[in-house]
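# Structure at a glance
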Amino acid sequence: MNLSDQDIASLLKNARSIAICGLSPDSQKDSFQVAQYLQEHNFDITPIYPKEDTILGEKVYRSLSEAVQDKKHFDIVVAFRNARACEELAEEILLLPHESIGAFWMQLGIRSDEVACRLGDAHIPNVQDKCIKIEYARL
């Protein structure tokens, strides 16, 4: 399922809550810089990272499932993980209540047609190989 620019613009316009899988506490990393940008543009970010207690002032969750148990819903789940890890994330998403995840976003350089097909079959819009920060600024 390839989303058009219009679909991506609509997704970003209507999103407020974003889970960021692989959000590093290192301010030099792309994931940190993108998350900080999203915070500055009034998105509610939730870090998903295997360690740390807080990143960018936000409580860190060890898994997406743990975050969903607490927060209930994310408009977008952004993955700063490799394609194999995105396949595992897709499996996790498919086990969650359907209303928990609005869309799945694989950052620039990350592609998995398998993930796109599996989530698309479950009617979960997804984006691959695009930077959410760049797309937000562009659209």
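About the cut-offs
- Residues numbered from 1 in each chain as written.
- Predicted model: local features only at pLDDT ≥ 70, side-chain atom pairs only at ≥ 80, totals over all residues.
- Heavy atoms only, no water.
- Helix = DSSP H or I, 4+ residues; strand = E, 2+ residues; numbered from the N terminus.
- Buried < 20%, exposed > 50% of the residue type's maximum accessible area, 1.4 Å probe, protein only.
- Areas by Shrake-Rupley, 256 points an atom, 1.4 Å probe, with all protein chains shown as cover.
- Lys, Arg positive; Asp, Glu negative; His and termini not counted.
- Charge placed at Lys NZ, Arg CZ, Asp CG, Glu CD.
- Pairing = 2+ DSSP bridges.
- UniProt positions renumbered as here; feature names shortened; annotations may be inferred.
- 1 Å grid on protein atoms, 1.4 Å probe; cavity = no way out; pocket = protein on both sides within 12 Å on 5 of 7 lines; lining within 4 Å.
- Points joined across faces, edges and corners; volume = space filled by probe spheres on them.
- Nonpolar A, V, L, I, M, F, W, Y, C, P; charged D, E, K, R; others polar.
- Core = buried A, V, L, I, M, F, W, Y, C linked by side-chain atoms within 4.5 Å.
- Contact = heavy atoms within 4.5 Å.
- Axes fitted to C-alpha atoms, helices over the stretch in contact; angles between N-to-C directions.
- Parallel < 35°, antiparallel > 145°, perpendicular 65-115°, else oblique.

## So, the overall build of the chain
In terms of helices and strands, the chain carries 6 helices and 7 strands. Dimensions of the chain, computed from the C-alpha atoms along their principal axes, are close to 35 × 35 × 25 Å. Taken over 139 residues, the chain has a buried fraction of 47%. Element-wise, carbon and sulfur atoms account for 46% of the exposed surface of the chain, whose accessible area totals about 7,100 Å². Charge-centre separation for the chain: the mean point of 15 positive side chains lies 2 Å from the mean point of 22 negative side chains.

## Focus: the pairing of strand β5 (residues 76-79)
Both faces of β5 are covered, namely the face carrying I76 and V78 and the face carrying V77 and A79. Bridge analysis of strand β1 (residues 17-21) against β5 gives 4 bridges, and the strand direction is parallel. Along β5, the bridge assignment pairs I18 with I76. Pairing of β5 with strand β6 (residues 104-106), which is carried by 3 bridges, proceeds in the parallel orientation. Residue V78 lies in a different strand from β6, and its bridge partner there is W105.

## A closer look at the UniProt feature "domain: CoA-binding" (unreviewed entry) in the chain
The feature "domain: CoA-binding" (unreviewed entry), as given by UniProt, occupies residues 12-110 in the numbering adopted here. Structurally, residues 12-110 comprises 35% helix and 21% strand, and the distance from its first C-alpha atom to its last is 19 Å.

## Things to note about the layout of surface pockets
Of the pockets and cavities examined, the largest pocket occupies roughly 160 Å³. Taken together, 13 residues make up the lining of the largest pocket; nearest its centre are C21, I48, R62, R81 and L89. Partitioning the lining of the largest pocket into residue classes produces 7 nonpolar, 2 polar and 4 charged.

## Points about the nonpolar core
Soluble globular proteins tend to bury their nonpolar side chains together. Ranked by size, the top nonpolar core spans 25 residues in total, and within it I18, I20, L38, I76, V78, W105 and I132 carry the most contacts. Those elements that provide at least two residues to this core are α1 (5-14), β1, α2 (30-40) and β5. Sorting elements by how many residues they give to this core places α2 first, with 5 residues. Aside from chain neighbours lying at most four places away, what touches I132 is L12, I18, V34, L38, I76, V78, W105 and Q107. Ranked by size, the runner-up nonpolar core spans 23 residues in total, among them A67, V77, A90 and I124.

## Here we look at the packing of helix α4 (residues 83-95) against helix α5 (residues 113-121)
Look at α4 against α5: their axes get within 9 Å of each other, and the N-to-C directions meet at 10 degrees. Relative to α5, the element α4 lies roughly parallel. Taking contact as the criterion, the partners of C86, E87, A90, E91, I93 and L94 in α4 are, on α5, E114, V115, R118 and L119. Of the residues contributing to the contact of α4 with α5, the split by class is 6 nonpolar, no polar and 4 charged.

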